[in-house]
Amino acid sequence: MKQSSYPLERELGMKYYASDADGIGGKLRTTPQDFVVEEIPLEGKGGTEGPYLICTLTKTNWELQHAVKEIANRLGISHRRIGWAGTKDRNAITTQWISIYNVTAEQVEAIRLKDIVLTPIRNSNESLALGQLQGNRFDLVIREADTTDLEERVRVITETAREGVPNYFGLQRFGAIRPVTHKVGEWILRGDYEQAVLTYIGLAFPYEADGIKAIRSAFSESRDAGAALHALPVQMNYERAMLHHLYTNPGDYAGALHELPPKLLSMFVSAYQSWLFNSALSRRFDDGYTLTGPVPGDQLIFANGRTDIVTPANAPAAAIHIRRGRCSIAIFMPGKDKTGSGASSDRIIAELMAESSITPEAFDRASRFVETKFDGAYRPISLRTAIESSMDGNTVRLKFTLPPGHYATTVCREFMKTDPVRMI
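All values derive from a computational prediction rather than experimental measurement.

### Looking at the overall build of the chain
Counting secondary structure elements, the chain contains 15 helices and 17 strands. Its C-alpha atoms give the chain a radius of gyration of 22 Å, within 12% of the compact-globule value 22 Å for 424 residues. Each principal axis of the C-alpha distribution contributes one length, and for the chain these read about 60 × 45 × 45 Å. Expressed as a percentage of its 424 residues, the buried residues of the chain come to 54%.

### Overview of the packing of aromatic side chains
Applying the stated criterion to the full structure yields 10 aromatic pairs. On the basis of an interplanar angle of 10 degrees and a centroid distance of 4.1 Å, the ring pair of Tyr193 and Phe369 is categorised as stacked. Placement of the pair is Tyr193 in helix H6 (residues 193-202) and Phe369 in helix H14 (residues 360-370), with a sequence separation of 176 residues. The exposure class assigned to Tyr193 is buried, which follows from its relative accessible area of 17%. Under the relative-accessibility criterion, Phe369 is labelled buried at 11%. Over the face of the ring belonging to Phe277 we find Arg379, whose NZ or CZ atom lies 5.3 Å from the ring centre. Its guanidinium or amino end placed over the ring of Tyr17, Lys417 lies 5.3 Å from that ring's centre, counting from NZ or CZ.

### Notes on the side chain of Asp139
One can find Asp139 in strand E9 (residues 133-145). Reaching out from Asp139, the side chain makes a polar contact with the side chain of Arg397 at a distance of 2.6 Å.

### Remarks on empty space enclosed by the protein
Per the stated rule, a full pass over the model turns up 2 cavities of 30 Å³ or more. One number sums up the size of the largest cavity: a volume of about 60 Å³. Forming the walls of the largest cavity are Glu39, Pro41, Leu42, Lys45, Ala85, Trp97, Arg122, Leu128 and Gln132. Taken together, Glu9, Met14, Gly170, Leu171, Thr409, Thr410, Arg413, Pro420 and Met423 form the lining of the second largest cavity.

### Let's talk about the environment of Pro403
Topologically, Pro403 is positioned in the loop between strand E17 (395-402) and helix H15 (408-416). Judged by its relative accessible area of 36%, Pro403 falls in the partly exposed class. Residues Pro403 and Leu133, spaced 270 residues apart in sequence, show a C-alpha to C-alpha distance of 8.4 Å. Here Pro403 is in contact with Gln134 and Gly135, once residues within four sequence places are set aside.

### Notes on the sheet that holds strand E11 (residues 299-302)
Strand order in the open sheet made by the 4 strands is E12-E11-E13-E14, with antiparallel pairing throughout. Each having just a single partner strand, strand E12 (307-309) and strand E14 (377-380) make up the two edges of the open sheet. Going across the sheet, the axis of each strand differs from the next one's by a mean of 45 degrees, ignoring polarity. Of the strand pairs in this sheet, E11 and strand E13 (residues 327-333) are connected by 4 bridges, and their pairing is antiparallel. Along E13, the bridge assignment pairs Leu300 with Ile329.

### Considerations on the pattern of salt bridges
A full pass over the atoms with the stated rule returns 23 salt bridges. Across the pair Lys88 and Glu39 runs a salt bridge whose closest N-O atoms are separated by 2.6 Å. On the criterion of sequence distance, the pair formed by Lys88 in the loop between strand E6 (82-84) and strand E7 (93-101) and Glu39 in strand E4 (residues 35-41) is long-range, its members being 49 residues apart. Accessibility assignment for this pair places Lys88 and Glu39 in one class, buried. What emerges from the salt-bridge pattern is a single network uniting Arg178, Glu208, Arg216 and Glu239.

Calculation notes
Residues numbered from 1 in each chain as written. Predicted model: local features only at pLDDT ≥ 70, side-chain atom pairs only at ≥ 80, totals over all residues. Heavy atoms only, no water. Helix = DSSP H or I, 4+ residues; strand = E, 2+ residues; numbered from the N terminus. Rg over C-alpha atoms; globule rule 2.2 N^0.38 Å. Buried < 20%, exposed > 50% of the residue type's maximum accessible area, 1.4 Å probe, protein only. Phe/Tyr/Trp six-rings, centres within 6.5 Å; stacked < 30°, edge-to-face > 60°. Lys NZ or Arg CZ within 6 Å of the ring centre and 35° of its normal. Polar contact = N/O pair within 3.5 Å; in protein donor to acceptor, adjacent residues only side chain to side chain. 1 Å grid on protein atoms, 1.4 Å probe; cavity = no way out; pocket = protein on both sides within 12 Å on 5 of 7 lines; lining within 4 Å. Points joined across faces, edges and corners; volume = space filled by probe spheres on them. Contact = heavy atoms within 4.5 Å. Pairing = 2+ DSSP bridges. Axes fitted to C-alpha atoms, helices over the stretch in contact; angles between N-to-C directions. Salt bridge = Lys/Arg side-chain N within 4 Å of Asp/Glu carboxyl O.

Here's what the structure looks like:
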């Protein structure tokens, strides 16, 4: 394995690549057309009758939450009446399924929004919820690749991806330009809502415009909601909604957080869970363990969701199952109810939480605050996929399919091994 030299990746827990091969460099998402995603829906879910209208949403260069709010505005409904199975990238062309409560196909067909196409499909007796999809198909283009031995490097890394790469949560899970969501989630888990708001609004990052960075820094120092509200551009509607609440309700930081859409608010806590997973996986590699070598205490997760614990007696059989792709070693992401198996990764996560003074009970409190369950879950440590690749000069095209919750950029970083900002 090779270590990443990029501080941002290391800060987000993504310390390792699976292959020792040199990366091809290059840039992803030169245009939205270079990152095409098609959601694979669950077949037959919810029937064909009911109050929810299932639609396909194809968008170009739209952030999903903003697209949903604009669609809701055009329909004259609350954005809370719109559900979706997966959160898709912004700088991309994405097609996904959404559900809209109590609207007609004619209302949806009348919507006209730039770079958005909504197509009614059928009615359903239930709303779509996160995770209710089979997976996603990707058609990606990496431009400006290093042409030195390009074909051989692509071949080697393609084979590595078939065998497995670290199943890290990708950069966009934490925020592409401002990787801040896990930090906000940490403060919510600690019950410090003031710091959560100050982090979301006031923490500046290098790739933002200088003017925005100055406004954020000024608010962080002064806590002057009125001045920041006056200075921020109108398109920064999440920050402005929070600031407006603070301006009219000084000191009510919990209320300011609740100005955000519930699904965005819940993503902060789940982003912290994602950071714990990434960090624990990298620590596993630090300790000399591998993606496919089970050790006693490791948890296994099978394709059907069944789990098992590795023991000295079953470790050889577990290794065979892993090599054949029947299961994967998993790391437990903690929540309010479940506990891990006692594996070394559980101890690492407990240490990371203790460093931030976060207890298991914090997830229970966060669940009530956010009104979302954080029960904990096992996640495979290895991502495997068959990749169809093609090359034209210094351009590389990759086509592959991933299960829900797995990141295409995790595959791309293995090929590129470059500064993560060149993938956003």
